[in-house]
Amino acid sequence: MGMDIRLDGICHFYGDTEVLRDISLEIPTGQIVCLVGPSGCGKSTLLRLIGGLERPGSGRVLQLGAPPSNSLNPLTFVFQDFALLPWRTVKGNISLVLEDHGIRGKRSKAIIDDVLTRTKLADFADALPKQLSGGMKQRVAIARALAVNPAVMLMDEPLSALDAQTRELLMDDLVALWTRQPFTAVYVTHNLAEAVRLGHTIVVLSRRPGRIREIVSIDTPIGERRAGDPVCQRKHDLLWELLREEARAADEELIDG
Amino acid sequence: MIEIKREDKQMKFNRRQTLGLMGAAAATTLAAPAIAQNKKIVVGALRFTSHSGSFIALERGYFNDAGLDVELKFFQAAQPMAVAIASGDVDYAVTAVSGGLISLADKGAIKVIGGALSEEKGIDGQKILASDAAFKAGLTSPSQLGGKTFGMSTAGSSFHYMGSKVAQAEGVEMSFKPLQKVGAIIGALKSGQIDAWSIVPHIAKPLAGSGAVHIIGDISDYLPGYQVTTVFTSAKNAADERDQTKDFLTGFGKGVSDYNSTMIDKAGGEDGVNEMVDLIHKYVYTDRPREKAAPSIINGTMRINEGSKLNIASLRDQLEWFQSEDLVGKDITLDTLVDGSYVETYEG
Amino acid sequence: MADTGAENKRNGEGPIEVRFRGGGFAPKSLRWVGVVVFVVLIALVQWGTESGWISALTLPKPSDVLATFVQLWESGLLFKHLQPSLTRLVIGAALGASAGIGIGVLIGLFSYVRAGLVPLVAAIFPIPKIALLPLFVIWFGIDEGSKYALIAFGTFTPTVVATYGAVDNVDRSLIRMGQSFGLSWFSIVRKIVLPGAMPGILSGLRISLAIAIILLVAAEMLGAEYGIGAYILEAGSLYDLERLFAGVVILSLLGVLVSALIGLLEKRLLGWRV
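No experiment lies behind these values; they were computed from the predicted model shown.

Comments concerning the confidence of the model for chain B
All names here are of chain B.
Next up, step 1: Per-chain confidence: chain B averages 85 in pLDDT, with 89% of residues scoring 70 or above.
Next up, step 2: Every residue in residues 1–34 is under pLDDT 50, and counting partners more than four places away or in other chains gives 59 contacts.
Next up, step 3: Across the interface, the model reports ipTM at 0.86; the global pTM reads 0.76.

As structure tokens, this is what we get:
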């Protein structure tokens, strides 16, 4: 029992600039779909369209099936810049998203304890964001997303603001989280290593206006992928071939086309 | 000090131009004093009719005859003028006795050397006013001032003195509201924000005429012989420039004589008055056409002391009142304030 | 670099230590310097007035100012003047600042309010509020009303400008986060916009409250018998420099106190800042 997302002929414009053209895509329950593409291809825009933060120019975003009944916020974002309230503690940042659903006191504490344990933050409940490292901040953001029990996690380059080592560690954490309890996610990244490591399906977008160039599936179970794994490496090289020209062409365009 | 310190455009008349105006004959018939010829001095003035003595003396060449090249410097209020005397920017001026003036005298900056305007029984003087609201509520005579609010520019001003003396004479207590400027006091009185005030007749009468305020008494009933304004100068001028000071008082005295004889005693008949109004209108109510300014100038007529006679008794009373109110130092003596060697003094 | 060293050796010179050139431009906390400046200035004036090269008309003796202050304290007059002034300051500033924060937040949140009120605020900001005092006397009466109004009006405009600027500067990504979690509009305003705008609002308050103290003297121009402003004005009209300076010192101390209070508030409310 779960909720799929279907994109049906999405087109989008910013003013006169066409950013997305005719995107149709299925996001099945329990899978991580990675969106990759050159910078400016509209992958973050597509994510905001899925999450309802922007309205598509044409086409529809459809939810297929009902979200789990205990899901407080079926479509939940994890942002690149963490978006933690600096004036609230770790605990306070998580309770922020529960308060509006009338969850307070004991129930709230139980949820907070659970998600903090799952993200290995139990000891830092009372710390302020300014005291945390980048990786910890993003784990708080992930814990906050888990707290509302989302049907689909919308992750917008969640690791891009972190250094390489932290990124590796956090990828391990995400894999562990998914293995324990599979979740549905749309994962936007420009980093092919992340896509190959975390994605069941990798959607390659062309440069602007973004169209679906290719959909690559990786069958190796997520928990078993390792760095240097030949299958993964082949997929990585394939993706790079697909992206190289697009990235170069995109790089030579003026920002405003 | 919040008072506006802006000085009006300086007006300067040199001797030659004034002589041209007056005609050479007049200049030669009036004997010029022996000492300093054409000595430059600065005289401070407000654009009030009560300062006409200086205007006339300048226009008719009396200062020139006294060997002085006078430059008039105009001020918006008496206080900055007193400061300008203390700082040496102005040599002579006429203003009311106030706590500030006494304080400056105490600091060795200024001296009162003569009298100008004074209250006299039988001559129209300052009026006690009540607001319309207070009047309707029964404030019809100064004896009912108890518990009322009385307007003044600042603590230690002549308004403060007058109101306090009236209350003292009537045996009542009033509260005094500082409103900084005469315009603000008039506004507050008209709108009934304060109950009472006292002011010179040429301001009092038109106000009462409009029905917004009522005249309920005369200051001269309470302070007969009140020396309202005085001629003053810097302590340095009074002590070290005796000849120049005498010359100034001579020229100024002639202007005052002309003013009194023409405007009050009507020595020159209607023509004389008209001519004088023309002269004064060059300095006072300059923003109004002559026909509108004339009634105000004529209404504002008050006798200015001949020979700058000084009522020393009134000054003593004022000094003692300021001291009793703890507005100025208790150790200040009358001699600190007044240099009585220049003019005739009297106990009025 | 190795080459240079080799060359130096060849020229018969020893190694040269790299010259330090990174000094300055880093403010250090040297609190005592300020105190020394004060003390030296006051001592200089005291010496000058006593020896006579500063005349009694130019500056009062600092010791006389102190004596006046002590006298004010002992006679109880200090509190007779302070009490009404503080009341006016607190009520006027509280009215002006709360209205300013309220309107500023509305301007920050609603485009129509912004379009309608920003030009109005820009128009009334540069009006010297003192000029409106006679008008306030008519509107609010010569007693406390006009004084509250003047101080409130004077603190209102800078607070509005600081507040809507602060609301504009709230990190948009935090608001988007709130929306993405389905927070209600009111929750977003209360839990994200207001705390996020707090640093800007508080630094605006610093300026607004200093203006309130400045306006205290103006407010007490009309119809105030007691109050620090009235005391200063009276001293000015009497050329009583000792009282004038004593009054000015009280205002300065008031300013320092207010600034310290806001500093304390910032420490409490903005401890989360990096």
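Next, the rest of the story.
Details of the packing of helix 4 (residues 134–147) of chain A against helix 5 (residues 164–180) of chain A
Residue and element names in this part refer to chain A.
Next up, step 1: Contact pair helix 4 / helix 5: the axes reach a minimum separation of 10 Å and the direction vectors enclose 20°. It follows from the interaxial angle that helix 4 and helix 5 lie roughly parallel. In terms of crossing hand, the pair formed by helix 4 and helix 5 is right-handed. Residues Gly135, Gln138, Arg139, Ile142 and Leu146 of helix 4 pack against Thr166, Leu170, Asp173, Leu174 and Leu177 of helix 5.
Next up, step 2: Looking at the contact of helix 4 with helix 5 residue by residue, the classes come out as 5 nonpolar, 3 polar and 2 charged.

Digging into the sheet that holds strand 8 (residues 201–205) of chain A
Residues and elements named next belong to chain A.
Next up, step 1: Overall, mixed pairing links the 6 strands, which are arranged 5-6-7-3-8-9 in an open sheet. A strand with exactly one partner marks an edge of an open sheet, and here the two such strands are strand 5 (75–78) and strand 9 (212–217). Between one strand axis and the next, the sheet turns by 20° as a mean value, whatever way the strands run.
Next up, step 2: Of the pairings in the sheet, the one linking strand 3 (residues 32–36) to strand 7 (residues 184–188) comprises 4 bridges and is parallel in character. The residue bridging leucine 35 from the neighbouring strand is valine 188, located in strand 7.
Next up, step 3: Helix 4 contacts strand 5 and strand 6 (152–156) of the sheet and is inclined by roughly 175° relative to strand 5.

Thoughts on a nonpolar patch on the surface
All names here are of chain C.
Next up, step 1: A surface patch of nonpolar side chains, about 1100 Å² in accessible area, is lined by Leu30, Trp32, Val33, Val35, Val36, Val37, Phe38, Val39, Val40, Leu41 and Ile42.
Next up, step 2: Of note, valine 37 is situated in helix 2 (residues 31–51).
Next up, step 3: Looking at valine 37, the relative accessible area reads 45%, which means it is partly exposed.

Here's the deal with the packing of helix 3 (residues 52–59) of chain B against helix 12 (residues 242–264) of chain B
Residues and elements named next belong to chain B.
Next up, step 1: Following both chains from N to C, one finds helix 3 and helix 12 inclined at 105°, their axes separated by 7 Å at the closest point. What the angle tells us is that helix 3 and helix 12 run roughly perpendicular. Facing helix 3, whose interface residues are Ser52, Gly53, Ser54, Ile56 and Ala57, helix 12 presents Gly251, Phe252, Gly255, Val256, Asp258 and Tyr259.
Next up, step 2: When grouped by side-chain class, the residues that make up the contact of helix 3 with helix 12 number 5 nonpolar, 5 polar and 1 charged.

A few points about the interface of chain B and chain C
Next up, step 1: Between chain B and chain C, the residue contacts involve 30 residues of the former and 22 residues of the latter.
Next up, step 2: At the junction of chain B and chain C, the tally comes to 1 salt bridge.
Next up, step 3: Across the salt bridge formed by lysine 177 of chain B and aspartate 143 of chain C, the nearest N and O atoms sit 3.2 Å from each other.
Next up, step 4: Along the contact surface separating chain B from chain C lie 9 residue pairs in polar contact (both at pLDDT 80 or more).
Next up, step 5: Of all elements in the fold, only helix 5 (78–87), helix 6 (99–106), strand 8 (175–178) and helix 9 (182–190) of chain B reach the threshold of two or more residues within the side of chain B that touches chain C.
Next up, step 6: Residue composition of the side of chain B that touches chain C, by class: 17 nonpolar, 10 polar and 3 charged.

Focus on the interface of chain C and chain A
Next up, step 1: Every contact between the two is made by 19 residues of chain C and, on the other side, 24 residues of chain A.
Next up, step 2: When chain C packs against chain A, close to 1800 Å² is buried across both sides, 67% of that on carbon and sulfur atoms.
Next up, step 3: When the buried area of chain C at its contact with chain A is split by residue, Phe181, Lys191 and Trp272 of chain C rank highest and sum to 39% of it.
Next up, step 4: Counting every contact that joins chain C to chain A gives 2 salt bridges.
Next up, step 5: The partner of glutamate 99 of chain A in a salt bridge is lysine 191 of chain C, and the shortest N-O contact between them spans 2.7 Å.

Some remarks on the pairing of strand 6 (residues 127–131) of chain B
All names here are of chain B.
Next up, step 1: With respect to burial, strand 6 is a largely interior element, 5 of its 5 residues being buried.
Next up, step 2: On strand 6, burial covers both faces: Lys127, Leu129 and Ser131 on one face and Ile128 and Ala130 on the other are all buried.
Next up, step 3: Two elements, strand 6 and strand 9 (residues 196–199), share 4 bridges in a ladder whose sense is antiparallel. Residue pairing in the sheet places lysine 127 in a bridge with isoleucine 199 of strand 9.
Next up, step 4: Pairing between strand 6 and strand 10 (residues 213–218): 5 bridges, direction antiparallel.

Scoring rules and cut-offs
- Residues numbered from 1 in each chain as written.
- Chains lettered and ligands numbered in written order.
- Predicted model: local features only at pLDDT ≥ 70, side-chain atom pairs only at ≥ 80, totals over all residues.
- Heavy atoms only, no water.
- pLDDT = per-residue confidence, 0-100.
- Contact = heavy atoms within 4.5 Å.
- Axes fitted to C-alpha atoms, helices over the stretch in contact; angles between N-to-C directions.
- Helix = DSSP H or I, 4+ residues; strand = E, 2+ residues; numbered from the N terminus.
- Parallel < 35°, antiparallel > 145°, perpendicular 65-115°, else oblique.
- Left-handed = near helix turned anticlockwise from the far one by under 90°.
- Nonpolar A, V, L, I, M, F, W, Y, C, P; charged D, E, K, R; others polar.
- Pairing = 2+ DSSP bridges.
- Patch = residues over 30% accessible without salt bridge, like charges linked within 9 Å, V, L, I, M, F, W, Y side chains within 5 Å.
- Areas by Shrake-Rupley, 256 points an atom, 1.4 Å probe, with all protein chains shown as cover.
- Salt bridge = Lys/Arg side-chain N within 4 Å of Asp/Glu carboxyl O.
- Buried < 20%, exposed > 50% of the residue type's maximum accessible area, 1.4 Å probe, protein only.
- Polar contact = N/O pair within 3.5 Å; in protein donor to acceptor, adjacent residues only side chain to side chain.
- Buried area = accessible area lost by both parts, 1.4 Å probe.

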